[in-house]
Structures are given as C-alpha cells and as structure tokens.
Amino acid sequence: MRKVIGIGETVLDIIFRNEEPVGAIPGGSTFNAMISLGRSGIQATFISETGNDRVGRKILNFLEENHVDSSNVNVYPESKSPLSLAFLNDNNDAEYLFYKDHPKDRLDFSYPEVNEDDVVVFGSYYALNPVIRPQVLGFLQYAHQRGAILYYDVNFRASHQHEVMKLTANFLENLELADVVRGSHEDFDVMFHSKDADMVYRSQISFYCKKFIYTQGRLPLVLRAEDGFRKEYPVSAIDVVSTIGAGDNFNAGFVYGIIKHGITRAMVTDGLTEAQWDQLIGCAQAFSSDCCKSINNYVSTEFGDKMKL
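Criteria and cut-off values
Residues numbered from 1 in each chain as written. Predicted model: local features only at pLDDT ≥ 70, side-chain atom pairs only at ≥ 80, totals over all residues. Heavy atoms only, no water. Axes fitted to C-alpha atoms, helices over the stretch in contact; angles between N-to-C directions. Helix = DSSP H or I, 4+ residues; strand = E, 2+ residues; numbered from the N terminus. Parallel < 35°, antiparallel > 145°, perpendicular 65-115°, else oblique. Left-handed = near helix turned anticlockwise from the far one by under 90°. Contact = heavy atoms within 4.5 Å. Nonpolar A, V, L, I, M, F, W, Y, C, P; charged D, E, K, R; others polar. Salt bridge = Lys/Arg side-chain N within 4 Å of Asp/Glu carboxyl O. Buried < 20%, exposed > 50% of the residue type's maximum accessible area, 1.4 Å probe, protein only.

1. Quick look at the packing of helix H7 (residues 246-260) against helix H9 (residues 274-291)
Right, on to step 1. Here H7 crosses H9 at 140°, and the two axes come no closer than 7 Å. Taken together, the axes of H7 and H9 are oblique relative to one another. For the pair H7 and H9, the sense of crossing is right-handed. For the pair H7 and H9, the contacting residues are Ala246, Asn249, Phe250, Ala252, Gly253, Phe254, Tyr256, Gly257 and Ile258 in the first and Trp277, Leu280, Ile281, Cys283, Ala284, Gln285, Phe287, Ser288 and Cys291 in the second.
Right, on to step 2. Residue composition of the contact of H7 with H9, by class: 13 nonpolar, five polar and no charged.

See the structure below:
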C-alpha cells in the first residue's frame, strides 16, 4: 500500500477571536495535513519532534487517535513543546505569534521505510532551518532516490523575512528535489517582494521545478507547468470560520488525489494531463474548503469517513 510521509514541526495552536482564546488544538503545517490524511484512510507517517510535557503527550496521542504513525516523533526530555498564538481577524484570517523553548534544535530519527511512488510532504521554516538542515536534507535525498514523489509547500512566514538571504541555498535545494511546489501570494511577497505568479514562476521556480501551484486566498488559484501549460481555478465561496489550516489541507487533498487517482512518480515526471491536474486540484480544494468550515486545523472526521478509499 502506498503511504504518505510528512516531516515538519509540531505546536499547540491557541486560537483567539476578539482577543479572547476560543480553542487550543495540536497543529503545525505538515502535521495538519497528516491528520487530515489519516482521517481519510491514507497510510500516514509523521517525522517531527516535541517536548516531554503535557502538550507533547497530547500531540502524540492525537496523531495515533487519527491513524498517523508517531514512532518517528522524537521527544526531548528537557524541552517544552512549542506554542503558536493565532489571532483571527474579521475575515477569519490569522496573524501568528510563535513561542519555542527548544534550547538546542536537533532532529534525531531513523528513516521510515520509503518505497517507489510513496509521497513525502515537507515545507515551512522546518524545511529550511539551518540547525536541522543536514537531517532534513538527508531524508529528502533518500526519499528522492527511493522514487518517492516530493511535495514542497513553501509556507514562508514574515517572522523569518530577515533570514531570506541566509536561507536561499536551502530553498533552492528544496526546489531541486521537489516534484511539485506550492506557495501562496503571501509567501512570495515576503521572500521576493512579488505578487505576480508568472514572474515568481519564471524568475524563481521554473528552472528548478516545473510544476507550480500559486494560491492567493479567495482569488483564483494559478497553475503553471512544463511546456507552457497554464490554468487558473476559481475558489468556491463558503462561510469561513477559520483559514488557519486552509493551505495545509489543500496540500493534504492534493496528496490524497495522487493516491486516489493512481498518480505515479513517472507520470509526474513525464507531465500530468489537464484532466489529471483537474482531479488533483479538485481534491485539494475540497479538503481546504472543509477545513475552513470549523475552528480546527484539519478536515472533519465526517468528511474523512466519506473520503476513505
């Protein structure tokens, strides 16, 4: 059976509306995607780290409750688990503050089994962090050599804008390894001061990775791929409760679509057809829309049950 392996951070998301806390749930960009995949019946494994505290235990239990293998989550005995404060505005978009007490970031894990056509999901600052870069890069290279499909979500926060130059080499390595790259208009505005999808694709992405998905909130999604393939997809209007997990669940849905529709690494390498892109983007948008209907960072269990293969 094909599986999905995610590598990324874990946090406890404390969510505020009108300056008052309204929820506290396990989170993290790739983490959120893996929870949704686990709920949807996809065999899922997560590589990460957490503290040896009540929050860390909650995160590990939550992974297992949602059918995600947590055996590659490293628990640091002398660290506290990270927190994220998410402040929702009138449009239910979030502004973040992060608190982390890992005095010495380090990532110690054994590689899970990776087989041909498995999917690896990675991204955010976790995929760029110089302190754990050797371990992250080593695993990505290993997965690439094993024939996995690598899906990269840029997800670059404004809080790291001052590090863009320092992280550029790591970013380019990620692009070279990736089979599909997704980023938002906010990511590239922070990194390159550009909100033009075609300019970003031509000047920053296409030399390294041909398959590029550019999301821009409620505006149409922009897709660019090899041989000049171009398409835009409208975003359905829904009653949004929170956009915190919107992009993470877009990723989950896209990867779900890869498994559901039998998309192999060879197909991705050769170039997907328009019909295949339509299927994958359709799954991605369905997952993202469902997530936005609640305060949680993942699809509902009811949605997941309906999507099980």
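Structure shown, so let's carry the discussion forward.
2. Digging into the pattern of salt bridges
Right, on to step 1. Per the stated rule, a full pass over the model turns up 13 salt bridges.
Right, on to step 2. Across the salt bridge formed by Arg265 and Asp179, the nearest N and O atoms sit 3.5 Å from each other. Note that Arg265 is positioned in helix H8 (residues 265-270) and Asp179 in the loop between helix H4 (164-177) and strand S10 (180-184), a separation of 86 residues in sequence. With respect to burial, Arg265 and Asp179 carry one shared label: buried.
Right, on to step 3. A salt bridge links Asp198 to Arg224; the nearest nitrogen and oxygen atoms lie 2.7 Å apart. Taken together, the residues Asp198 in helix H6 (residues 197-205) and Arg224 in strand S12 (residues 219-224) connect sequence positions 26 residues apart. The same class applies to Asp198 as to Arg224, namely buried.
Right, on to step 4. Through salt bridges that share partners, Asp198, Arg224 and Arg230 make up one connected network.

3. Examining the environment of Lys293
Right, on to step 1. With respect to the helices and strands, the residue Lys293 is situated in the loop between H9 and helix H10 (301-307).
Right, on to step 2. In this structure, the C-alpha to C-alpha distance between Lys293 and Asp239, residues 54 residues apart in sequence, is 6.6 Å.

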